[in-house]
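# Structural features, examined
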Amino acid sequence: MTAMAPNRTSPDLSFLLDHTSHVLRTRMAAGLGEIGLTARMHCVLVHALEEERTQIQLAELGDMDKTTMVVTVDALQKAGLAERRPSSTDRRARIIAVTEEGARVAQRSQEIVDRVHAETLASLPDDERTVLLRALQHLVEGHLAEPVEAARPARRARQ
């Protein structure tokens, strides 16, 4: 005997957001992979170019744990795209500095990210595109701005 599944009273928002996010990440990974970057590498390069930032600050911006951040910066350093340097404002801190080649690659990776986003949004009619972006921004700034504590923390999908 099989159990009867409960009737849904509304669309499965979790599935819709998870699935679209997953597919968008795969498209992003494929695009960035063409130039030898991961999404994390792109994130570090772009944010490190904006202003002088420590590895810890960049990890927070990219939602990475310390180990993942170290591996990411090591890969960027090995590729000649970034390097660890002493901070100009705090001699105890080290910042991630982007090399000239890293800046060129970051420009290219940003073009890829922008293209993937544009292609995704272009699949929607103009009026729906505007509504979707506005609604997502409201959620990010409001009701879904911060995760809540739970007895069993939700695992984030591997990226």
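By convention here, each chain's residues receive numbers from 1 onward along its written sequence. A pLDDT threshold of at least 70 governs which residues receive local features in this predicted model, and a stricter bar of 80 or more applies before side-chain atom pairs are shown or counted, although totals over entire chains, interfaces and linings include all residues. Hydrogens and water are ignored here; the side-chain numbers use all heavy atoms of the structure.

### Side note on the pairing of strand β2 (residues 94-98)
Put simply, the rule reads: Buried residues are those whose accessible area, probed at 1.4 Å on protein chains only, stays under 20% of the maximum for their type, while exposed residues exceed 50% and partly exposed ones sit between those limits. Only DSSP runs of H or I with at least four residues qualify as helices, and only runs of E with at least two residues qualify as strands; both kinds are numbered from the N terminus onward. In this scheme, strands are said to pair when DSSP sees at least two bridges between them.
For β2, a buried count of four out of five residues is recorded, marking the element as mostly surrounded by other parts of the structure. Note that strand β1 (residues 82-86) and β2 share five bridges and pair antiparallel. Counted as the bridge partner of Ala 82 is Val 98 from β2.

### Things to note about the nonpolar core
Note the threshold: We call a set of buried Ala, Val, Leu, Ile, Met, Phe, Trp, Tyr and Cys residues a nonpolar core when their side-chain atoms join them within 4.5 Å. Any two residues whose heavy atoms approach within 4.5 Å are treated as being in contact.
In terms of nonpolar packing, the biggest core is built from 22 residues, with Leu 37, Val 44, Leu 45, Met 69, Leu 76 and Ile 96 touching the most fellow members. Of all the secondary structure elements, the ones that give two or more residues to this core are α1 (13-33), α2 (39-50), α3 (55-61), α4 (66-78), β2 and α5 (100-122). If one sorts the elements of this core by residue count, α5 sits on top with five residues. Beyond its immediate sequence surroundings of up to four residues, Ile 96 is in contact with Val 44, Ala 48, Arg 53, Gln 55, Leu 58, Val 73, Ala 82, Glu 83 and Arg 84.

### Here's the deal with a nonpolar patch on the surface
The cut-off we apply is this: Two distance rules govern patches: like charges are joined within 9 Å, and nonpolar side chains (Val, Leu, Ile, Met, Phe, Trp, Tyr) within 5 Å, applied only to residues with over 30% relative accessible area and no salt bridge. For accessible areas, the Shrake-Rupley method is used with a probe of radius 1.4 Å. Any residue's cover is judged against the shown protein chains and nothing else. Whenever Lys or Arg places a side-chain nitrogen within 4 Å of a carboxyl oxygen from Asp or Glu, that contact is recorded as a salt bridge.
Where nonpolar side chains cluster on the molecular surface, the patch consists of Leu 13, Leu 17, Leu 132, Leu 136, Leu 139 and Leu 144 and spans about 470 Å² of accessible area. Secondary structure elements with two or more residues in the nonpolar patch: α1 and α6 (126-141). At three residues, α6 tops the list of elements feeding residues into the nonpolar patch. Take Leu 139: it is sitting in helix α6.

### Some words on unusual backbone geometry
Despite not being glycine, Asp 63 has its phi angle at roughly 55 degrees, a positive value. Tracing the sequence through the fold places Asp 63 in the loop between α3 and α4.

### Looking at the environment of Arg 8
Basically, it comes down to this: Think of a polar contact as two N or O atoms within 3.5 Å of one another; within protein, one of them needs to be a possible hydrogen donor and the other a possible acceptor, and neighboring residues in sequence only count if both atoms come from side chains.
Residue placement: Arg 8 occurs in the segment before α1. According to the relative accessible area criterion, Arg 8 is exposed, its value standing at 64%. Here the alpha-carbon distance between Arg 8 and Arg 84, two residues 76 residues apart in the chain, equals 52 Å. Polar side-chain contacts of Arg 8 include one of 3.4 Å to the side chain of Asp 12.

### Some thoughts on the confidence of the model for the chain
The criterion, for reference: pLDDT is a residue-level measure of predictor confidence that goes from 0 to 100.
Looking at the chain as a whole, its pLDDT mean stands at 93, while 94% of the residues score no less than 70. The secondary-structure element of the chain with the lowest mean pLDDT is α3, recorded at 93, while α5 shows the highest, at 98.

### Overview of the pattern of salt bridges
All chains considered together, the criterion is met by 10 salt bridges. Ionic pairing is found between Glu 51 and Arg 53, a salt bridge with its closest N-O pair at 3.6 Å. Of the residues examined, Arg 53 reaches a relative accessible area of 13% and is grouped as buried. Arg 84 is the partner of Asp 74 in a salt bridge, and the nearest nitrogen-oxygen pair spans 2.9 Å. One end of the pair, Asp 74, is in helix α4; the other, Arg 84, is in strand β1, with 10 residues separating them in the sequence. Given the relative accessible area of 38%, Asp 74 is considered partly exposed. Residue classification places Arg 84 among the partly exposed positions, given a relative accessible area of 22%.

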